[in-house]
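Read off the chains here:
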Amino acid sequence: MRPSIDFARAPFLVIWETTQACDLACVHCRASAQPLRNPGELTTQEGFRLLADTAQMGTPVFILSGGDPAKRPDLLDLVREGKRLNLRMGTIPAATPALSEDLVRDLKQAGLDQLALSLDYPQRDLHDGFRGVYGAFDKTLAAAEWAHRYSLPLQINTTLWAGSAPYLSEMAALVERLEAVFWEVFFLVPVGRGELLDGIEAKRCEELFAILYEVQKKSRFVLKVTEAPHYRRYVAQREAAAETEASSAAALRRPAPGMAPMPEMLRRSEGPGHTIGLAPHGVNAGKGFVFVSHIGEVYPSGFLPVSAGNVRTQPLSEIYRDSSLMRELRDPGALHGRCGWCEYRGICGGSRSRAYALTGDYLATDPWCAYRPARPHASSLAAS
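1. As for the environment of Ala116
Right, on to step 1. As for its placement among the helices and strands, Ala116 is situated in strand β4 (residues 114-118).
Right, on to step 2. The class for Ala116 is buried, based on a relative accessible area of 4%.
Right, on to step 3. Sequence spacing of Ala116 and Trp183 is 67 residues, and the spatial spacing of their C-alpha atoms is 9.1 Å.
Right, on to step 4. Ignoring sequence-local partners within four residues, the contact set of Ala116 consists of Thr91, Ile92, Pro93, Gln155 and Asn157.

2. Focus on the confidence of the model for the protein
Right, on to step 1. Mean pLDDT over the protein works out to 88, with 87% of the residues at or above the 70 mark.
Right, on to step 2. Segment residues 267-275: pLDDT under 50, and 26 contacts once partners within four positions in sequence are set aside and those in other chains are kept.
Right, on to step 3. This stretch, residues 379-384, has a pLDDT under 50; its non-local contacts, to residues over four places away or in other chains, come to 4 contacts.

3. With respect to the pairing of strand β9 (residues 288-292)
Right, on to step 1. Among the 5 residues in β9, 5 count as buried, and that is most of the element.
Right, on to step 2. Both strand β1 (residues 13-17) and β9 contribute to a ladder of 4 bridges, which runs parallel. Bridge pairing in β9 links Ile15 to Phe291.
Right, on to step 3. Across 2 bridges, strand β8 (residues 284-285) lies against β9 in parallel orientation. Within β9, the position partnered with Ala285 by the bridge is Phe289.

Each value, and the rule that gives it
Residues numbered from 1 in each chain as written. Predicted model: local features only at pLDDT ≥ 70, side-chain atom pairs only at ≥ 80, totals over all residues. Heavy atoms only, no water. Helix = DSSP H or I, 4+ residues; strand = E, 2+ residues; numbered from the N terminus. Buried < 20%, exposed > 50% of the residue type's maximum accessible area, 1.4 Å probe, protein only. Contact = heavy atoms within 4.5 Å. pLDDT = per-residue confidence, 0-100. Pairing = 2+ DSSP bridges.

Next comes the structure, spelled out in structure tokens:
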């Protein structure tokens, strides 16, 4: 499902951090989660209003995230309400005792469209160490089996940082063996506990992109790369080079002036059809994507904690469409440095979250991008 959406009017995807409570102790946790729920969390009725506003905007996909959404006793009610509103619903339960076969069965019966599970390493000891709880790896594999048992499409989420990067190929093979329909590879943004982890050098990102590119071409699952939009630039370059070398008659679609083309590999949705799906064009913080915190604050991304408003005082649709923060993030011409004059800024734009985390400027150049676009003359830059 890849509907046409005007990102100035509606995001493709809304993620609601239903709670920050979680019984894991993940070393990279953005929210620095702890076991107890915050009494100030959005209530069930406030959650229903958020779902209704999302549906009214025309947004197709809604994710119930956390913390651990299984900590919310109304999780099934929220899924049911989202389905009543014709939203495609996903959730990401943590690998704790709360994640049981009964819960997976009940989520399926409530209408959940896709179950996401976090798996960061292909080895038990490394994954459990990363998640801070012994048994998390085995629990995740068991939950994957339960998802198949109840015909619930399975998504695997993997965090990529300097320590996990050497295992990327092995992780791809494990995702294939688990018969996932969707693999989301998240390039670390150093916020929360993740500030203590080693990042990935820009040159190393290019090497990892090469691995992901080959995985994307041959695998049955859909691959989505998160917080590394420069992967889209990498794919565009590889596709263009291959087409030039083969002198193919199928030329890439002509780009707009000053913008690089969107290659077919990024336009199409590969893998099984029954998934929550990929966006119709490049998503970035505040541009096709929005994050709502457990207390209702609206951020361009959970990893870019600059508030544009709160759903308790203003509808999400108004915040997304009209806030100066969101509008600025949707303007490629507002970007600074290399990102601002890069010919791929229309399909990439760099990680706004990482730029903010590492430089304090959410419009700055993404420090993990190695590409050096030719710097235009001042006159042509102003015209673009």
